[in-house]
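# An overview of the molecular structure
In case you want the letters, here they are:
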Amino acid sequence: MYDLVMSRRPTPIGSPDGPGAVDIEHEISEIAGALNLINSRLVKVAERALERGEWIGHGIHSPAQWLAWKAGMSPQHAKQIVQIAEQRASFPLVIDAFDRGELTVDQVHVVVTRAPAWADDRVLHFTKNASVVQLRRAIRAGRFEGDPDQPDPEPRREDRERLSTGNTDQGRWRINGELDIERGSIVDNALSEARDSLFEQGHTDATWADALVEIAQRSLDAVAAESRRERFKTWVHLSADTGDATLTAGWRIPMAVRDRVLCDGQIQPVWERDGVPFSVGRSQRIVPDRTRRIVEHRDRGCRVPGCTADRFVEIHHIIHWLNDGPTDTWNLICLCPKHHRMHHQGRLGITGNADQKCDLTFTDWQGRAIDPAGQPILPTGPPPQPVVPYQHPCGERMDLNWVGLGWAHDNALKHRRQQARQRSAADWMP
Ligand SMILES: [Zn+2]
Ligand SMILES: [Zn+2]
């Protein structure tokens, strides 16, 4: 079996060609097989956690964040494991090979995120032999022909461009639209640029939504005239009597959003008499710049255990501002936007004195204290080994012109054969 592996790949130039090299390569294959089994076990555990919702309620905003924290892995790797876990049931053959240690987690990830589930058996053999980069190139979206019996995923609509925005019943903002391809690609490029620039600034988990907000923010910041900038500021109107908050257009905003805005925003008092505003006070930041700098310098990033965000933090009032919580450093902590949102949605409890070391207590939505990062349990025996040793990809150059995998759905093929038959029958008609 091992000779076969060696014969599939020419010996690299300059590598020692003695028995030592063979030993090392054999050892790498052994480790790769063991890693595959361990990763497949991790995916199974993640699947169980997803099914039972066990990741929820630990001060965590996504299953990937939970896994990254608990297993001490990078957010990207954790996301990969979660995505495979979500697709486990849809790709039984590929997952079977993964569970036997024959495929790596990266190979499986490409398949489950890029190929349709019906192609499970068709991609299996190719996956075993292709490197991860080759797989990515070969299994691009659009290389698979769809199932003609399924409704077209993108039915053609009228050619008119349209764009609409508004608020939903759940107090959220929505955007919906369709543009011509070349104008749309301008928007696409702007989004990619904004997301990339956020990434470069250290915001490594920036989403497309973050990119859209970034573009909008930049556009508003670029407005030169002060008066015009003021006009297009987002104002939340807070009623001192009822505590209700509304946007200028009259949309009511949820309490969680209101409380969050009041932690770290800018306020301008408006005095009313008999419900009619008659005077406007000076606008000021709830957290003055000097206090903000002290808190940011003290906390150096989000204070929630296990969170690594250290940019774009928001200042939070431990005793809420609306409940007369003072804007003093002991009552202020830095939180990343995600954890700040979670707190005000009631999914993360925070108590204590922020100026005292180790005095803060973070609790999940059930009030259970959140521990500091988990510790790996060291293995007591050797790792499990697959029955068949892991075989690495061929490593040969792939010519996409020669990758003929027949990635068409059975129904599409049937449909084509039927049409061909009808055509040839028509040819015989007198
Ligand atoms: Zn807050
Ligand atoms: Zn955080």
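Residues numbered from 1 in each chain as written. Chains lettered and ligands numbered in written order. Predicted model: local features only at pLDDT ≥ 70, side-chain atom pairs only at ≥ 80, totals over all residues.

On strand E11 (residues 348-351), burial follows the alternation: Leu348 and Ile350 on one face are buried, whereas Gly349 and Thr351 on the facing-out side are not. Two elements, E11 and strand E12 (residues 361-364), share four bridges in a ladder whose sense is antiparallel. Bridging from a neighbouring strand, Gly349 pairs with Thr363 of E12. (Buried ≥ 20, exposed ≤ 12 C-beta atoms within 10 Å, placed from the backbone. Helix = DSSP H or I, 4+ residues; strand = E, 2+ residues; numbered from the N terminus. Pairing = 2+ DSSP bridges.)

Residues lying three or four places apart along an α-helix face the same way, a consequence of the helix completing one turn every 3.6 residues. Relative to the 28 Å expected for 20 residues at 1.5 Å per residue, helix H9 (residues 181-200) spans 28 Å between its end C-alpha atoms, a close match to the ideal helical length. Among the residues making up H9, those that are buried are Ala194, Arg195 and Leu198. One side of H9 carries all its buried residues, which in axial view fall inside an arc of 95°. Across H9 from its buried face, at more than 90 degrees, point the exposed residues Ile181, Glu182, Ser185, Ile186, Asn189, Ser192, Asp196 and Glu200. Along its buried surface, H9 packs onto helix H10 (208-221). Count one or two residues on from H9 and you reach Gly202, which has phi positive near 100°. (Expected span 1.5 Å × (residues − 1). Arc of directions from axis to C-beta. Contact = placed C-beta atoms within 7 Å.)

Let us look at the nonpolar core. With 31 residues, the main nonpolar core has Leu67, Ile81, Val82, Val94, Val108, Val111 and Ile139 as its most contacted residues. Those elements giving two or more residues to this core turn out to be helix H2 (19-52), helix H3 (63-71), helix H4 (75-87), helix H5 (92-99), helix H6 (105-114) and helix H8 (132-138). Not counting chain neighbours up to four residues away, the residues in contact with Val94 comprise Leu103, Val108, Val111, Asp120, Val123, Leu124 and Thr127. Val287, Val295, Ile333 and Leu335 belong to the second largest nonpolar core, which has 18 residues in total. (Core = buried A, V, L, I, M, F, W, Y, C linked by C-beta atoms within 7 Å.)

Attention now goes to the pairing of strand E1 (residues 162-167). The element E1 is largely exposed, with a buried count of zero among its six residues. As judged from the six bridges shared by E1 and strand E2 (residues 173-178), these two strands associate in the antiparallel manner. The partner of Gly166 across the bridge, within E2, is Arg174. The hairpin formed by E1 and E2 contains five residues between the paired strands, and Gly171 there has a positive phi angle of roughly 75°.

The subject of this paragraph is the packing of H4 against H6. The angle between the axes and the distance between the axes are what describe a pair of packed helices. At their nearest, the axes of H4 and H6 sit 9 Å apart, and the two run at 55° to each other. Between H4 and H6, the interaxial angle falls into the category oblique. Of the two possible hands of crossing, H4 and H6 adopt the one that is left-handed. Together, Gln80, Gln83, Ile84 and Gln87 of H4 and Val105, Val108, His109, Val112 and Thr113 of H6 make up the contact between the two elements. When the residues that make up the contact of H4 with H6 are grouped by side-chain class, the tally is four nonpolar, five polar and no charged. (Axes fitted to C-alpha atoms, helices over the stretch in contact; angles between N-to-C directions. Parallel < 35°, antiparallel > 145°, perpendicular 65-115°, else oblique. Left-handed = near helix turned anticlockwise from the far one by under 90°. Nonpolar A, V, L, I, M, F, W, Y, C, P; charged D, E, K, R; others polar.)

For the protein, the average pLDDT comes to 81, and 87% of its residues sit at 70 or higher. Note that pLDDT drops below 50 for residues 1-16; the model gives that stretch 10 contacts with residues more than four away or on any other chain. Here residues 154-158 is a poorly scored stretch, pLDDT under 50, and it has one contact once near neighbours within four places are set aside; other chains count. (pLDDT = per-residue confidence, 0-100.)

A few words now on the environment of Ser40. Considering the arrangement of structural elements, one finds Ser40 in helix H2. Judged by the 24 C-beta atoms lying within 10 Å of it, Ser40 falls in the buried class. For Ser40, the residues in contact, after removing those within four places along its chain, are Phe98 and Asp99.

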